[in-house]
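# Structure assessment
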Amino acid sequence: MLGLTKVCAVVAARDARSMRRQLDQALRQTHTVELRLDWLADDREIRGFLHWLEAHRRRATLIATCRRREAGGEYSGTIAKQLVHLADAVRAGCAWYDLEIETVRQCPPELLDVLLGEGRQLTSAHFFQKMPENLPRVAAELARGRSDAIKIAAQCDSLGDARKLLRFARKRRNIVAVPMGDVALPARLLAMREGSAFTYAPVENATAPGQISLAQMKSVYRADRLSRRTRVYGVIGDPVGHSLSPLMQNAAFAVRRMDAVYLPFLVHDLKDFLAAVEPLGIRGFSVTLPHKQGILSHLDDCDPLAQKIGAVNTVVVRGRGKLYGYNTDYVGVLRTLEQRIPLRGSRVLIFGAGGAARAVAFALARAGAAVCVCARRPARARSLAAAVGG
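Reading the values: the criteria
Residues numbered from 1 in each chain as written. Predicted model: local features only at pLDDT ≥ 70, side-chain atom pairs only at ≥ 80, totals over all residues. Heavy atoms only, no water. Axes fitted to C-alpha atoms, helices over the stretch in contact; angles between N-to-C directions. Helix = DSSP H or I, 4+ residues; strand = E, 2+ residues; numbered from the N terminus. Parallel < 35°, antiparallel > 145°, perpendicular 65-115°, else oblique. Left-handed = near helix turned anticlockwise from the far one by under 90°. Contact = heavy atoms within 4.5 Å. Nonpolar A, V, L, I, M, F, W, Y, C, P; charged D, E, K, R; others polar. Buried < 20%, exposed > 50% of the residue type's maximum accessible area, 1.4 Å probe, protein only. Pairing = 2+ DSSP bridges. Right-handed = clockwise from strand over helix to strand, strands pointing away. Salt bridge = Lys/Arg side-chain N within 4 Å of Asp/Glu carboxyl O. Core = buried A, V, L, I, M, F, W, Y, C linked by side-chain atoms within 4.5 Å. Patch = residues over 30% accessible without salt bridge, like charges linked within 9 Å, V, L, I, M, F, W, Y side chains within 5 Å. Areas by Shrake-Rupley, 256 points an atom, 1.4 Å probe, with all protein chains shown as cover. 1 Å grid on protein atoms, 1.4 Å probe; cavity = no way out; pocket = protein on both sides within 12 Å on 5 of 7 lines; lining within 4 Å. Points joined across faces, edges and corners; volume = space filled by probe spheres on them.

## Here's the deal with the packing of helix 13 (residues 329-338) against helix 14 (residues 355-366)
- Here helix 13 crosses helix 14 at 50°, and the two axes come no closer than 8 Å. Taken together, the axis directions place helix 13 and helix 14 in an arrangement best described as oblique. By crossing handedness, the relation of helix 13 to helix 14 is classed as right-handed. Contact residues: Asp329, Tyr330, Val333, Leu334 and Leu337 in helix 13; Ala356, Ala359, Val360, Phe362, Ala363, Leu364 and Arg366 in helix 14.
- For the contact of helix 13 with helix 14, a count of residues per class yields 10 nonpolar, no polar and 2 charged.

Below, the structure is given as structure tokens:
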């Protein structure tokens, strides 16, 4: 799609003044911006913002959106008013306008040509509940008429769903593929390298499930630089949103100038994630709760120490998708505590008996500390204590 950069900032606010402020903020980081006119409080605010926009034209590619509530947007006015607002937006400098399929179905093509003929049409379909069963049929309907490009945004409750949408995008030109939902967040970031024309990132207000802010998209994940050559890593967990690993690892990649990205994977089902490892080109991943022990049964091989501990926190993907597990918690806690206290002869109380606690217990027991384990499940506490002679 000519004139569009990889990250499209989303400007959405209830009043024109906030829209102007967000637009200025967006243009400092990208040259492609979606203006969510439907978020403005009423028709008067929309007209006021567009009047200002026409008087203050920007050197950028602007996409006007005035999505009606029927299509999952915020605009409650009639189709006629919606089209008038979009026509005003084109005259004010928006090269593109997003028109949802619900409106297209009710508008004669001749009417769109008369009102919006000077703009380029991005015809969109949004599926907020689940992935549509027949993507080719959806795309065929979107491509009818005067569409210059199409967009399919779909709720993805698994990485399998997200991969289906991205595979479809790879086969087409001029398509924007948007996997929605928290599980699909990594796929949203990787969509551009799979064929999607760009990805959306809100300046302030999220307008769809699973969006990442513009600041994070640009500074943390460097999404505009991702390509098929970019090495993909990540952390899997449930929950995973609290993890600081993406912030730290991506900062390290940036400092070392490595073409790599580290993504947070919310994993409810290990099999669903593992089926995506090879298709998404994942080279390795960290493991946090509750998967540190469960991942063991899916590995092709494992470091002997990690096997003895019974928990893995790092998996390296080797040739032909083979998974090799390690436990770096053991070394991490040992080196950290050795610098501060003498471990031999110390008495240590460990709260918890999960994957991280197992690594800590093994490390401290081998260093000569007397270990006691306290956990909510007494049986697990007794089992871990017995395993380390605590």
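On we go from here.
## Describing unusual backbone geometry
- At the junction of Asp238 and Pro239, the peptide bond is cis and its omega measures out at 10° in the coordinates.
- Despite not being glycine, Asn174 shows a phi value in the positive range, around 50°.
- Locating Asn174 in the fold gives a position in the loop between helix 7 (159-170) and strand 7 (175-180).
- Accessibility expressed as a relative area gives 30% for Asn174, which makes it partly exposed.
- At Arg320, a residue that is not glycine, the phi angle is positive and equals roughly 60°.
- In this fold, Arg320 is placed in the loop between strand 13 (314-317) and strand 14 (323-326).

## Focus on the sheet that holds strand 8 (residues 199-202)
- Strand order across the open sheet formed by 8 strands is 7-6-5-4-3-2-1-8, with parallel pairing between neighbours. The two strands at the open ends of the sheet, each matched to only one other strand, are strand 7 and strand 8. Between one strand axis and the next, the sheet turns through 25° on average, direction left out of account.
- Relative to strand 8, strand 1 (residues 7-11) is paired through 4 bridges, and the arrangement is parallel. Across the sheet, residue Cys8 finds its bridge partner in strand 8, namely Tyr200.

## Brief notes about the pairing of strand 1
- Most of strand 1 is tucked away, with 5 of its 5 residues classed as buried.
- Residue alternation in strand 1 divides its side chains into two sets, Val7, Ala9 and Val11 and Cys8 and Val10, and both sets are buried.
- Following the chain from strand 1 across helix 1 (residues 16-27) to the adjacent parallel strand 2 (residues 32-36), one finds a crossover that is right-handed.

## Points about the pairing of strand 7
- The element strand 7 is extensively covered by neighbouring structure, given that 6 of its 6 residues are classed as buried.
- By the alternation rule, side chains of strand 7 split into Ile175, Ala177 and Pro179 and Val176, Val178 and Met180, which are all buried.
- Alignment of strand 6 (residues 149-155) against strand 7, held across 6 bridges, turns out to be parallel. From the neighbouring strand, Ile150 faces strand 7, where its bridge partner is Ile175.
- Once the chain exits strand 6 it traverses helix 7 before rejoining the sheet at strand 7, and the crossover so formed is right-handed.

## Details of the pattern of salt bridges
- Evaluation of the coordinates by the stated rule reveals 17 salt bridges.
- A salt bridge links Asp98 to Lys151; the shortest N-O distance between them is 2.9 Å. In this pair, Asp98 sits in strand 4 (residues 96-100) while Lys151 sits in strand 6, placing the two residues 53 residues apart along the sequence. One exposure class covers both Asp98 and Lys151, and it is buried.
- What emerges from the salt-bridge pattern is a single network uniting Arg170, Arg193, Glu194 and Arg228.

## A short note on the nonpolar core
- Core analysis: the biggest nonpolar cluster contains 93 residues, and Leu35, Leu37, Phe49, Leu53, Phe273 and Phe285 have the highest contact counts within it.
- Leave out the neighbours within four places in its chain, and Leu37 touches Met19, Ile46, Phe49, Leu50, Ala64, Thr65, Cys66, His85 and Ala89.
- Residues Leu343, Ala357, Val373 and Val388 belong to the second largest nonpolar core, which totals 23 residues.

## A short note on a nonpolar patch on the surface
- A cluster of nonpolar side chains, contributed by Leu111, Val114 and Leu115, occupies part of the molecular surface with about 260 Å² of accessible area.
- In this structure, Leu111 sits in helix 5 (residues 109-116).

## Section: the packing of helix 6 (residues 135-143) against helix 7
- It is at 11 Å that the axes of helix 6 and helix 7 come closest, and there the two elements cross at 50°. By the angle class used here, helix 6 and helix 7 are oblique. The two elements helix 6 and helix 7 cross, and the hand of that crossing is right-handed. Along the contact surface, helix 6 presents Leu135, Pro136 and Ala139, while helix 7 presents Lys164, Leu165 and Phe168.
- Residues of the contact of helix 6 with helix 7, tallied by class, amount to 5 nonpolar, no polar and 1 charged.

## What to know about the sheet that holds strand 13
- The strand order across the open sheet formed by 6 strands is 10-9-11-13-14-12, and the pairing between neighbours is mixed. Every other strand in the sheet has two partners, leaving strand 10 (260-266) and strand 12 (301-302) as the edge strands with one partner each.
- Relative to strand 11 (residues 282-287), strand 9 (residues 231-237) runs parallel, the two sharing 5 bridges. Considered in strand 11, the bridge of Ile236 is made with Val287.
- With respect to the sheet, helix 10 (residues 245-255) is in contact with strand 9 and strand 10, its orientation differing from that of strand 10 by roughly 170°.
- Against the sheet, helix 11 (residues 270-277) makes contact with strand 9, strand 10, strand 11, strand 13 and strand 14, and its axis sits at roughly 150° relative to strand 11, the strand it touches most.

## Looking at the layout of surface pockets
- Counted as a void, the largest pocket has a volume near 370 Å³.
- Forming the walls of the largest pocket are 18 residues, and the residues nearest its centre are Ala353, Gly354, Gly355, Arg376 and Arg380.
- Of the residues forming the lining of the largest pocket, the biggest block, 3 residues, is contributed by helix 14.
- When the residues that make up the lining of the largest pocket are grouped by side-chain class, the tally is 8 nonpolar, 6 polar and 4 charged.
- By volume, the second largest pocket is sized at about 300 Å³.
- As for the second largest pocket, its lining consists of 14 residues, of which Tyr221, Val240, Gly241, Pro246 and Pro264 are closest to the centre.
- Contributing elements (two or more residues each) for the lining of the second largest pocket: helix 9 (214-220), helix 10 and strand 10.
- Across the lining of the second largest pocket, the residue classes break down as 10 nonpolar, 3 polar and 1 charged.

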